[in-house]
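Survey of secondary and tertiary structure
Below are the chains, spelled out letter by letter.
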Amino acid sequence: MVNPEIAAVFNEIADLLELTGGDPFRVNSYRKAARSIEDLTEDIADVANRGELQNIPGVGKGTAERIMQYLKTGKVAVHQELLNSIPRGLPELLTVPGLGPKKVQALHRELGVNSMADLEAVIADGRAERLPGFGKKSVEKIAEGLAFLKRSAGRTPLGAALPLAEGLRDAVREFTGVRRIEIAGSARRGCETVGDIDLLCIADDGERVVNAFTKLPEVTGVRAAGGTKGSVLVAGPVRGEIQVDLRVVPEESFGAALQYFTGSKEHNVRLRELAVRRGWKLNEYGLFDGDRRIAGREEEEIYEKLDLRPIPPELREDRGEIECRGEIPRLVSLADIKGDMHVHSTASDGRSTIEEMAEAAGKRGYRYLAICDHSKSSVIANGLDETRLLRHIQDIRAAGERVKGLTLLAGIECDILANGSLDYPDDILAQLDWVIASIHSAQQQDRASLTRRSIAAMENPYVCCLGHPSGRLLGRRDAMDLDWDELFATAARTGCALEISASWQRLDLKDVHIRQAIDAGCRLAISTDAHSTDQLDQMPLGVQTARRGWATPEHILNTLPVARLRAWIAAKRKRRM
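Residues numbered from 1 in each chain as written. Predicted model: local features only at pLDDT ≥ 70, side-chain atom pairs only at ≥ 80, totals over all residues. Heavy atoms only, no water.

**Remarks on the overall build of the chain**
- Within the chain, the regular secondary structure consists of 23 helices and 17 strands.
- Taken over the C-alpha trace, the chain has a radius of gyration of 26 Å; the compact-globule value for 577 residues is 25 Å, and the two agree within 12%.
- Overall, the C-alpha framework of the chain stretches about 80 × 60 × 50 Å when taken along its three principal axes.
- Across the chain, contacts joining residues at least 24 apart in sequence account for 68% of those joining residues at least 6 apart.
- Accessible area of the chain: about 24,800 Å², with a carbon and sulfur share of 48%.
- In the chain, 79 positive and 85 negative side-chain charges are present, and the distance between their average locations comes to 2 Å. (Helix = DSSP H or I, 4+ residues; strand = E, 2+ residues; numbered from the N terminus. Rg over C-alpha atoms; globule rule 2.2 N^0.38 Å. Contact = heavy atoms within 4.5 Å. Areas by Shrake-Rupley, 256 points an atom, 1.4 Å probe, with all protein chains shown as cover. Lys, Arg positive; Asp, Glu negative; His and termini not counted. Charge placed at Lys NZ, Arg CZ, Asp CG, Glu CD.)

In C-alpha cells:
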C-alpha cells in the first residue's frame, strides 16, 4: 500500500507551505487530506482505479490530481517545487519544541540555518541568542527541545503511557488545595499512541501546585514552571522521555479547558465553526456571546449550547460525530464485558495456572473465561501437540468443576500456517469450546497470500475468532498487508468473530478497522491475550479502542451471557460456507 507514502508527502507539503508563508487554508487542507489517507483501510490505488478519490474526506479535484500524479510517477509536482525552493533540512526544524515557522524562517534568513546541525552550531556559539525575537531564555528552551528530541522515543503506546498519566494525576490530587484533576489529550481519547501527557486541575494556589508538580520524584527535567502551567519531562515507560504538562484552570473555565485540551484538533475546529455560525466564540476559557461567558464550567454545557449531545472523548476525531448531531449510540463499556475470550496458562507460555487465571477473572466480575494456549507450531511458546492438547482440555474441564461462579471454556490459539492450513485437524478442533486462529509466522507474504490464509481459517466451522488480525506490534512491527474489504466480508459471511486484542502492544484491530468491520456486519470479541493474572487488567484498553470504532454492546460477542455465547458458537459450527 502506498497510503503512508502519499500521506507523508502531503504532510510535508503542508510543512513546506508553512515555512514559505503559504496560505493557512492550503496548509490545513493538505493536512486533512493526509489524515484521511492515513485512515483509509484499503489501498488508495484501488480507490483511484474506481474513480472515487474525491469520495475521500478532504480530497477535492486538485488533491485527487496530485494523488494520481504520485501513483503514476512516484512524485507530486508541487512537492518537488517546494523542496527545490528551500534547503532540505528546514522542515525537520519544525519538530523542535519552541520553533515555529517564523522562527525557522528567521534562523534561515539571518544565520543561514539549514539543518539540525546548523541549529546546534548557532546555539553553541551564541548567535541564535542575539537574533531579534529570540533572547537567552527562548534559545535555552530551543536547546532543551533539541536535547529532548534526541532522547525522545517519539509516541508511546497508550497502554504504557496511561498508567504513568494516572499515577501523576493521583499524585497531584494529593497536593494541598487541589480540588479537581483530570487527564486530557490523546490519552483521554484513547488514541493508540500518546505524544505527551496533559493534566488539568482546579487549585486554590496554582503556583504552589505547579512548584510541587515540578518536584515529583518521577520528574527528570523542568521545561516550564509558572502560576498556571508546569511542563516537565519524566522517564518514558518504554524508552526515552515523555513530556507532561499540568495546567491550573479557573473553575468557571474547567469544562471548556477540558474539552479544548482533550481535542482532537479537528474536532475542536468543527465545534468552533458551530459557535461562529451563532455569532459566538469558543476557546479554552469558555463559550462566549460577546464578552459574556455562556458555558464553560462543565464540558456538557459546551455541547448542549451547540445543540449537540455530549460526545464521548473516544469519538472526538471528526469522523462523523458532529454530522450525527451527537446522537451517538450507547458505546460498549467495561461493565458490559462478561468474560475474557483469550488468555494463556502455564500449559504453554503463560505465567499463571488455569485456576489462578480463573480466580483472577472471577474477582473482576467475569462469568466466563476462555483458556487459549498456543498450538504446536508455536514452538518458542511451548505450543501443545495433539496429545498435550487433549490432556489440557481435560485439565480445563476439571478446573471448571472446582471453580465456582465462573464457566471455563476449553480453547486454543491455533496457528494459521503459511499454506493456509490450521495446526490441528477438525476432529481435534471439534473437541474444543472456543478456537482462535492467528497468524504468527510468514507475515511478510504478499497481500493475496496473507488474505487467503485468514479467509481459509474463518471458513473453518470450528474457528470462532480471528486473533489479532493485522499482526502489528505498536512501534515495533507494521501490520500485515491484508485486503481488509475481503477479510471483513468473509467474517460477516461466515459468522467468524474478529478479535480486538487489548494487549497494550497490539490494540489490534485498530479503531478505523473496527468501524469498517461493524459497517460490514461483523461480530467482534475483546480479549486481553493475558499471559498472567495482572494482564487481565488490559481489558479497558480494548474497550476504549472498541469505543473509538463506535462499537456498542451488541457488536461485542463477550457481552453475551454464557448460554447465548454457547448458542452463538454452536450456530457458527453449523453454518455452511
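**A few points about helix α19 (residues 447–459)**
- A rise of 1.5 Å per residue sets the reference length of α19, with its 13 residues, at 18 Å; its end C-alpha atoms lie 18 Å apart and thus fit the reference within 8%.
- For α19, the full list of buried residues reads Arg447, Ser449, Leu450, Thr451, Arg453, Ser454, Ile455, Ala457 and Met458.
- Residues of α19 that are buried sit in contact with α3 (44–49), β14 (434–438), β15 (465–466), α20 (484–494), β16 (497–501) and α23 (562–574).
- Sitting at the amino-terminal end of α19 is Asp446, which places a side-chain oxygen 3.1 Å from the backbone nitrogen of Ala448. (Expected span 1.5 Å × (residues − 1). Buried < 20%, exposed > 50% of the residue type's maximum accessible area, 1.4 Å probe, protein only. Polar contact = N/O pair within 3.5 Å; in protein donor to acceptor, adjacent residues only side chain to side chain.)

**So, the packing of helix α1 (residues 3–19) against helix α5 (residues 77–85)**
- One way to put it is that α1 packs onto α5 with a least axis distance of 10 Å and a crossing angle of 40 degrees. When the axis of α1 is compared with that of α5, the two are oblique. Our pair here, α1 against α5, has a crossing hand that is left-handed. On the side of α1, the interface is formed by Val9, Glu12, Ile13, Leu16 and Leu17, while α5 contributes Val78, His79, Leu82 and Leu83.
- When its residues are assigned to classes, the contact of α1 with α5 shows 7 nonpolar, 1 polar and 1 charged. (Axes fitted to C-alpha atoms, helices over the stretch in contact; angles between N-to-C directions. Parallel < 35°, antiparallel > 145°, perpendicular 65-115°, else oblique. Left-handed = near helix turned anticlockwise from the far one by under 90°. Nonpolar A, V, L, I, M, F, W, Y, C, P; charged D, E, K, R; others polar.)

**With respect to the side chain of Gln544**
- Along the chain, the position of Gln544 falls in helix α22 (residues 539–548).
- With relative accessibility at 14%, the residue Gln544 sits in the buried group.
- Once residues within four sequence positions are removed from consideration, Gln544 is found in contact with Leu158, Leu162, Ala187, Arg188, Arg189, Gly190 and Glu314.

**A look at the pattern of salt bridges**
- The full count for this structure, using the stated rule, is 39 salt bridges.
- Where Asp46 meets Arg447, a salt bridge forms, and the shortest distance between an N and an O atom there is 3.8 Å. Placement of the pair is Asp46 in helix α3 and Arg447 in helix α19, with a sequence separation of 401 residues.
- Put simply, Asp511 and Arg319 hold a salt bridge, and the shortest N to O gap is 3.5 Å. Of this pair, Asp511 sits in helix α21 (residues 511–519) while Arg319 sits in the loop between α15 (299–305) and β11 (339–343), placing them 192 residues apart in sequence.
- For Arg319, a relative accessible area of 24% gives the class partly exposed.
- Counted as one network, the salt bridges with shared partners bring together Arg189, Glu317, Arg319, Asp511 and Arg548. (Salt bridge = Lys/Arg side-chain N within 4 Å of Asp/Glu carboxyl O.)

**With respect to the sheet that holds β11**
- The strand order across the open sheet formed by 7 strands is β11-β12-β13-β14-β15-β16-β17, and the pairing between neighbours is parallel. Sheet topology places β11 and β17 (524–527) at the edges, where each strand pairs with a single neighbour.
- The sheet contact formed by β15 and β16 spans 2 bridges and is parallel. From the neighbouring strand, Leu466 faces β16, where its bridge partner is Leu498.
- Lying over the sheet, α22 contacts β11, β16 and β17, oriented at roughly 150 degrees with respect to β17. (Pairing = 2+ DSSP bridges.)

**Considerations on the sheet that holds strand β8 (residues 281–283)**
- Read from one edge to the other, the open sheet built from 3 strands follows the order β8-β9-β10, with strand pairing classed as antiparallel. Two strands bound the open sheet, and with one partner strand each, they are β8 and β10 (292–295). Between one strand axis and the next, the sheet turns through 35 degrees on average, direction left out of account.

**Remarks on unusual backbone geometry**
- Ser264 follows Gly263 through a cis peptide bond whose omega is 0 degrees.
- Counting through the fold element by element, Ser264 comes out in the loop between α13 (254–262) and α14 (265–277).
- Leu509 follows Asp508 through a cis peptide bond whose omega is 15 degrees.
- In this fold, Leu509 is placed in the loop between β16 and α21.

**Structural notes on the nonpolar core**
- Counting 61 residues, the largest nonpolar core has Leu408, Leu498, Leu524 and Ile556 as its most contacted members.
- Among the elements that make up this core, the one with the highest residue count is helix α16 (residues 354–363) (5 residues).
- Here Leu408 is in contact with Ile354, Ala358, Leu369, Ile371, Ile396, Ala399, Gly400 and Asp433, once residues within four sequence places are set aside. (Core = buried A, V, L, I, M, F, W, Y, C linked by side-chain atoms within 4.5 Å.)

**Section: the environment of Arg293**
- By the secondary structure assignment, Arg293 is in strand β10.
- The exposure class assigned to Arg293 is partly exposed, which follows from its relative accessible area of 36%.
- Residues Arg293 and Glu252 lie 41 residues apart in sequence; the distance between their C-alpha atoms is 9.1 Å.
- In this structure Arg293 touches Glu252, Ser253, Tyr285, Gly286, Leu287 and Phe288, once residues within four positions along its chain are discounted.

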